[in-house]
Amino acid sequence: MEQTLVAEAKDAPREADLAFDRLYRSSRDDVYAYVAGLLRDPTAAEEVTAAAFERAYRKRNRFDPRRGEPRAWLFGIARNAALDELRRRGRQAELTAEPADLDSFGTEEGAEHNERRLAVSAALERLQPGERELIALKFFAGLANSEIAQVLGLSESNAGTKLHRAMNKLREVCDGAE
Amino acid sequence: MEPNRDDQLIADLKALRPMPRPQFAAALDERAGAGFPRRSRLPRPNLVKLRDLSPRRMLIPAAGFAAVAIAVVTALLLSTEGQDSASRTLFSDHSERLAPPSHSSPRNFNDSGHHRAAAGAPSAASAEAVTEEMESGVMFAPEVAPREVKPGLRHRAVERSAQITLAADPKDVDDDASRVFEAVHAHNGIVMRSSTEEGRAGEAGATFDLLIPSARLDDAMAAFSEIDAVRSRHEATADITAPTVSAAELLKESRARIDSLLSQLEAAGTEEEQEAIEAELRHERRHASRLAAQLSHLHKRADYSRVSLRIETGGQESSGGGAWGIDDALHDAGHVLTVAAAVTLIALAVFGPIALIALLAWLTHRAWVRRERRRVLS
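The structure presented is a predicted model; accordingly, all values stated were derived computationally and were not measured.

Quick word on the packing of helix α6 (residues 129–140) of chain A against helix α7 (residues 145–152) of chain A
Think of two packed helices as two axes; the pair is described by the angle between the axes and how far apart they sit. Residues and elements named next belong to chain A. Put simply, α6 and α7 touch, their axes get as near as 10 Å, and they point 135° apart. In terms of axis orientation, α6 runs oblique to α7. Like other packed secondary-structure pairs, α6 and α7 cross with a definite hand, here right-handed. Here Glu133, Leu134, Leu137 and Lys138 of α6 come into contact with α7, specifically with Asn145, Ile148, Val151 and Leu152. Tallied by class, the residues present in the contact of α6 with α7 amount to 5 nonpolar, 1 polar and 2 charged.

A word on the nonpolar core
Side chains that are nonpolar tend, in soluble globular proteins, to be buried together. Ranked by internal contacts, the top residues of the largest apolar core, which has 62 residues, are Val35, Ile135 and Leu170 of chain A together with Leu13 of chain B. Take this core: its biggest share by element is 11 residues, from helix α2 (residues 13–39) of chain A. Those residues in contact with Val35 of chain A, other than ones at most four positions away along the chain, are Arg40, Ala45, Val48, Thr49, Ala78 and Ala82 of chain A. Listed in part, the 25 residues of the second largest apolar core include Ala162, Phe181, Val191 and Ala220 of chain B.

Topic: the pattern of salt bridges
Under the criterion given, the structure shown has 31 salt bridges over all chains. The salt bridge involving Arg17 of chain B is made with Asp30 of chain A; its shortest N-O contact spans 2.1 Å. Of the two residues, Arg17 of chain B sits in the loop between α1 (3–15) and α2 (22–33) while Asp30 of chain A sits in helix α2, which places them in two different chains. Residue Glu312 of chain B is joined to Arg310 of chain B by a salt bridge in which the shortest nitrogen-to-oxygen separation is 3.3 Å.

What counts as what
Numbering of residues starts from 1 in every chain and runs along the sequence as written. All chains are assigned letters beginning at A, and all ligands numbers beginning at 1, according to the order in which they are written. Local features in this predicted model are restricted to residues of pLDDT 70 or higher, and side-chain atom pairs are both shown and tallied only at a pLDDT of 80 or more, whereas totals for entire chains, interfaces and linings draw on every residue. Excluded from the side-chain calculation are hydrogens and water; included are all heavy atoms of the structure. The axes are straight lines fitted to the C-alpha atoms, using for helices just the contacting stretch, and the angles between their N-to-C directions are given from 0 to 180°. A run of H or I in DSSP becomes a helix once it reaches four residues, and a run of E becomes a strand once it reaches two; helices and strands are each numbered from the N terminus. Put simply, angles under 35 degrees are roughly parallel, angles over 145 are roughly antiparallel, angles from 65 to 115 are roughly perpendicular, and the rest are oblique. Left-handed describes a crossing whose near helix is turned anticlockwise from the far helix through less than a right angle; right-handed describes the clockwise counterpart. Whether two residues are in contact is decided by their heavy atoms, any of which lying within 4.5 Å being enough. In this classification, the charged set is Asp, Glu, Lys and Arg, the nonpolar set is Ala, Val, Leu, Ile, Met, Phe, Trp, Tyr, Cys and Pro, and all remaining amino acids, among them Gly, are polar. Residue types Ala, Val, Leu, Ile, Met, Phe, Trp, Tyr and Cys, when buried and joined through side-chain atoms within 4.5 Å, form a set referred to as a nonpolar core. Only protein chains enter the area calculation, which uses a 1.4 Å probe; residues under 20% of their type maximum are buried, those over 50% are exposed, and those in between are partly exposed. Definition used for salt bridges: Asp or Glu carboxyl oxygen within 4 Å of a side-chain nitrogen of Lys or Arg.

What follows is the structure in structure tokens.
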């Protein structure tokens, strides 16, 4: 679906709008999850997510399919918006995140699960921002390694290697916390 | 990494996935349906439309704007150029020159060519005399009384000369030549030499060597300019005050010497003494005659201006006569294109560096933003 965005955009503005609408509906929650994972601030994540979609909508006619997938293009815009937000606020990505809300994990989960997820959340805070971004793109936004590579401007193998290292480090931090 | 532990970690990460609030999701859906209207800024419909345009589509209005700008500047330059040619100032000194000969009568001298002299033929003898004086620099006609030039000369003696080239169609050469004679006659001038050639464009033409009273040179040049299209025009002046004053003083001294010799001759007692004084007197008279001729020649140079007039055909524009044709159109088109190219070059010279600076500034800003984004994650 995403791959037809630009071809349709060239054919007719109406089709471009429909294609963008489909891209929006399929990516809305993923973009938010990625931005929130990067910013660690739900309120800022909402602002940045809205701004990212707004920017993408304005630029929808300028998208070049030869330069990547529409979904990767959208996440590139969201990434820039998130980084700009961090710059604007003078904040660093590793700033203190809001504490994870145990209630948000669901009451049906066991206490052991809750504790483990709290540990994972805390471990995420101890990762480098770049590492945390990789994990957010992969597991929060659900991007494939090829899409991550496009968003970050890396080769696919390099993106896979970096992701593997980030996961190892996350696991080590989790193990160290236990 | 152990598969089971990795699966567990991935499951935990997915469970930690942030989800948007339903209220935010609903609000965003609403904005998406409305085409993402700007929230916190004033509406800027024109800018939004421009931003929505693809770079290729933006080229069209940009090119149109550039073309209009070039056309306007070209029109301004052409109109300015027209004013310049109409009000072309010539190199001349109108304020400091000897008074014109008030006694000059219409004179005409003809002819090394085959053209007829204009009606009302002047005194050929006097014209010839003036001509010869001016060409040889020696005057053998002492009856032309030199004017009194005092050492404390208030006016300066200025010699003027002019050249003018007219462009004409071959069939108009004869008519134009006749009008030249009429104009010379009307301004009491002298045609020293003239010739006309018939033939095709480029071959046909006419040349005139004229003497025009300096006081009426401007009027005469204006009259020549109205005969046909002016291809070129030039005027020059030369100050001859110093040689004029010098010749006048020498002449005065020579005449005083002659008077003195005449007195000595009357008082001479012997025949030998008389012969010696008469010989000296003859010598002094020849000397005075040469000085008078020299002075007269200088006066003529100040009183009359040499004008070289040419009538050319072919080559450049000859808008004065004939119908406007395809050659004129091609020439005009070439002229317009030349001016447009010049304007474009000037515009590039002006806007090129500005655009380059803007491009460098934009590239620098972009590089800085990228570096700052990387720094945020480092």
